[in-house]
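# What the coordinates show
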Amino acid sequence: MATELLNINGATPGATTTFELPIEGMTCASCVARVEKAIARVPGVTRTSVNLATEKASIEAESLQAQAAVADAVRAAGYEVPEQEVVLSINGMTCASCVARVEKSLNKVVGMSSASVNLATEQATIKALAGVPLDALVGAVQKAGYDATIPATEIEPSPKRDLAALKVAGAAIFSAPLVVPMVAQWLGGHVMLPVWLSLALSSVVQFGFDLRFYKSAYKAVLAKAGNMDLLVALGTSAAYGLSVYEVITHPGDMGHLYFEASAVVITLVQFGKWLEAKAKRQTTEAIRALNALRPDRARVRMDGTEHELPLTAVRIGTQVVVRPGERVPVDGKILEGSSSVDESLITGESLPVAKQPGDKVTGGAINVDGLLVIETTAVGAETTLSRIIRLVESAQAEKAPIQRLVDKVSAVFVPTILAIACVTFVGWMLYSGNVETAILNAVAVLVIACPCALGLATPTAIMAGTGVAARHGILIKDAEALEIAHRINTVTFDKTGTLTVGRPALVEFHTLGLARDEALAIAAAIQQGSEHPLAHAVTQAAHADGIVVPRASDVRAIAGRGVQAVVDARPYAIANARFLQESGVKVPAAILLKGNAAQAGGRTVSWLVELGNPSMVVALLAFGDTVKDTAAAAVDQLHAMRIRTVLLTGDNKGAARAVAERLGIGAVNAEVLPEDKARVVSELRASGRTVAMVGDGINDAPALAAADVGIAMATGTDVAMHAAGITLMRGDPALIADAIDISRRTYRKIQQNLFWAFVYNVVGVPLAALGLLNPVVAGAAMAFSSVSVVSNALTLRLWSPDRKRR
């Protein structure tokens, strides 16, 4: 992950801007603290957060100009900010002015070091921070008014060999002979290596495979700070130096050499870091899976023919052809064809969704069984998939509030361990008078100390938790929202679009003197040409029942009252109560009672009237917003989790009470304005509740922002999603309980990891200081601590939503 750069947000005048840097060379929580201090001292930086697991720094600064200074500060602190070189092919340039314009546009991309454009070769050679999105570079060229494509070699970099694994294997090969005498002694045998061979083997390990530790330790000393590498370098050097001293002063004595201790500790630490790196890569599997959804090429329809082009060459408005079994390369709207589309890795929906002309499709989804022609509406960094990836990466880069405790501990960790090691040495010298015993016990203290586990405890759990949540359609914007969500004990719901479908449906239809199908056919005929939501509800009800709808003539609106038409040579009207009253239409008592009951329940009531002398009511139509299929089960699940539910809606009291009673929601606040929603949420928080607000509309944004955690439906407005800390990729209320559940599980993993990280050090360091652990055992324990913390976090990948309530 050290070669990726996360999303970069553009700044607006008077606002700060956020960018992220990849950092190489960090090994423990002390490194994180050192990098954060270095970045914080850069003028213009207002906030910084460094993540050991992702090896990235998230920086908030007054302007993008601070980016270069931040990179320099990181390098001055002893760490690397990797760079990459990219070559773009550019079309459309004609003169030196074009070259200047392209270079100027490219240099505005955050993370750029330099850009050189050659008019003759029509290529741009770019040096930038490793991981600057190629889409951003292409977009900069397009913004300048030219076309850019990425060579295949840039899209598909060649795989690199695992050098870390080779180093571990090499250290193990050179250390193995040194361990033979020790193992033989345990088994009752007696095997001795020549002194020169022991010295040679351990020297190769110490100054060949341990060189990384020396380099990092040296940089730490220059920066007047400490890290894990300093502890390892000091400890192994002490054991190695003591052995060399014994060889020089007692050349024939093999009884007091500790070459195997220094070599084996180095090998174990290298092995532990390799396992840790492998495990850390698994925590980012969700990001890699999402990135894998991006096709590199698209089949474009131009002038009646199909051409396969690089995805970077596709523009908004381009028609893209997607065959069965292929991934949709762009966000767009279906122009031709019908199919089922599998969006599971984007929305978490396990079943393919039927799509037809006019429906939207998302880039990365799989076209299952039909040929589709799609009009492109978004490409590159603006696609839904790109935004999801940026959101998940951003959440994984942030620190949880609980990490502040770890930061305080890590700031004094290495100095404290060095002090304990010195006290251990002095104490054993005074107690035993044996310098060898004193050195070995001090070495054990140095190598068992594990700031790595402390540094990895929180971010690995957050990465695993946010990753698996994203795979199931739950996008968590930041680590703070993830942490706070585990404490939620009250969920307030908007009604329309959140618990209900958000579209009116014909929920009651009572007839008087006509057969139901005949009356519904007449009503649908009258409404067939209308775009009114209630008209759609009538026509959809008729189509759903398979009713043949006749043609209507002389259709005309009755302002503020309804619509009338002639159907089968008879005049009819669909009208409201005001029309009935003004026209003197009598409504029979039986059907009038049903109408009053429907209105009391929050329904919208219309009447089908046969016009004549006298006019007669022939049907009652009651419209309501239908409750989502999973809403009742979702509320039940929240109650099972001991979470209180509250309905908070601007709709009328009758409609609100009807939905609340059907779903089992105890508290109802109806007919409230957007600012009143925020006030109610604030009052709940003031009473000591931890409140989540769930909504999907612009009017929900103030309440979403006022809640401890805002949860937005992605089926709603962008404003709502921006105000929320968690976004549900499907309009499924059941995901609310899932979001809280994964938050609780992730927080438990953080607590477990921190517990074990502290226990390793609190228990291990005193045991080493008391002489109860030799350096080899201490080194193994240190290596195991980091691996166990990361492995524990990885168990979150097994989480899946509770399907029983679906």
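Note that this is a predicted model, so its numbers are computed, not measured. (Residues numbered from 1 in each chain as written. Predicted model: local features only at pLDDT ≥ 70, side-chain atom pairs only at ≥ 80, totals over all residues. Heavy atoms only, no water.)

Turning next to the overall build of the protein chain. Scanning the protein chain from terminus to terminus reveals 28 helices and 29 strands. Looking at the protein chain as a whole, 51% of its 806 residues qualify as buried. In the protein chain, the share of contacts with a sequence separation of at least 24, taken over all contacts with a separation of at least 6, comes to 69%. As displayed, the protein chain has an accessible area near 34,900 Å², and 57% of this comes from carbon and sulfur atoms. (Helix = DSSP H or I, 4+ residues; strand = E, 2+ residues; numbered from the N terminus. Buried < 20%, exposed > 50% of the residue type's maximum accessible area, 1.4 Å probe, protein only. Contact = heavy atoms within 4.5 Å. Areas by Shrake-Rupley, 256 points an atom, 1.4 Å probe, with all protein chains shown as cover.)

In this section: the UniProt feature "transmembrane region" (unreviewed entry) in the protein chain. Per the UniProt record, "transmembrane region" (unreviewed entry) is annotated on residues 193-214, 226-245, 257-275, 409-431, 437-457, 754-773 and 779-799. Counted over residues 754-773, helix gives 80% and strand 0%. Its end C-alpha atoms are 23 Å apart. (UniProt positions renumbered as here; feature names shortened; annotations may be inferred.)

Where burial is concerned, most of strand E16 (residues 372-378) is hidden: 5 out of the 7 residues are buried. Judged from the 5 bridges that link them, strand E11 (residues 331-336) and E16 form a sheet pairing that is antiparallel. Residue pairing for E16: Asp331 is matched across the bridge by Ala378. (Pairing = 2+ DSSP bridges.)

In this section: helix H3 (residues 96-106). When H3 is considered as a whole, its buried residues turn out to be Cys98, Val99, Val102, Ser105 and Leu106. Projected down its long axis, H3 shows its buried positions confined to an angular sector of 135°, all on one face. Looking at H3, the residues exposed on the side facing more than 90 degrees away from the buried face are Ala96, Ser97 and Lys104. Buried-residue contacts for H3 involve strand E4 (83-91), strand E5 (112-118), strand E6 (123-129) and helix H4 (134-143). (Arc of directions from axis to C-beta.)

What follows deals with the pairing of strand E24 (residues 616-627). Burial of E24 is extensive: 10 of the 12 residues sit out of reach of the surface. One ladder, built from 8 bridges, connects strand E19 (residues 500-511) with E24; its direction is antiparallel. Each residue of the ladder has a partner; that of Pro504, found in E24, is Asp625. The sheet contact formed by strand E23 (residues 604-610) and E24 spans 7 bridges and is antiparallel. Pairing of Leu608 across the sheet is with Ala619, part of E24. Between the antiparallel neighbours E23 and E24 lie 5 residues.

At their nearest, the axes of helix H15 (residues 435-448) and helix H27 (residues 734-769) sit 8 Å apart, and the two run at 165° to each other. In terms of their interaxial angle, H15 and H27 are classed as roughly antiparallel. The handedness of the crossing between H15 and H27 comes out as right-handed. Contacts from Asn441, Ala444, Val445 and Ile448 in H15 reach Asn761, Gly764, Val765, Ala768 and Ala769 in H27. Split into classes, the residues belonging to the contact of H15 with H27 amount to 6 nonpolar, 3 polar and no charged. (Axes fitted to C-alpha atoms, helices over the stretch in contact; angles between N-to-C directions. Parallel < 35°, antiparallel > 145°, perpendicular 65-115°, else oblique. Left-handed = near helix turned anticlockwise from the far one by under 90°. Nonpolar A, V, L, I, M, F, W, Y, C, P; charged D, E, K, R; others polar.)

Okay, the pattern of salt bridges next. Inspection of the entire model under this criterion finds 20 salt bridges. The salt bridge partner of Arg75 is Glu83, with a shortest N-O separation of 3.9 Å. The class for Arg75 is partly exposed, based on a relative accessible area of 32%. Here Glu306 ties to Arg323 by a salt bridge, and the two come within 3.4 Å at their closest N and O atoms. Of the two residues, Glu306 sits in strand E9 (residues 305-310) while Arg323 sits in the loop between strand E10 (319-322) and E11, which places them 17 residues apart along the sequence. The class for Glu306 is partly exposed, based on a relative accessible area of 37%. Each of Arg299, Glu306, Arg323 and Glu326 takes part in a single network of salt bridges with overlapping partners. (Salt bridge = Lys/Arg side-chain N within 4 Å of Asp/Glu carboxyl O.)

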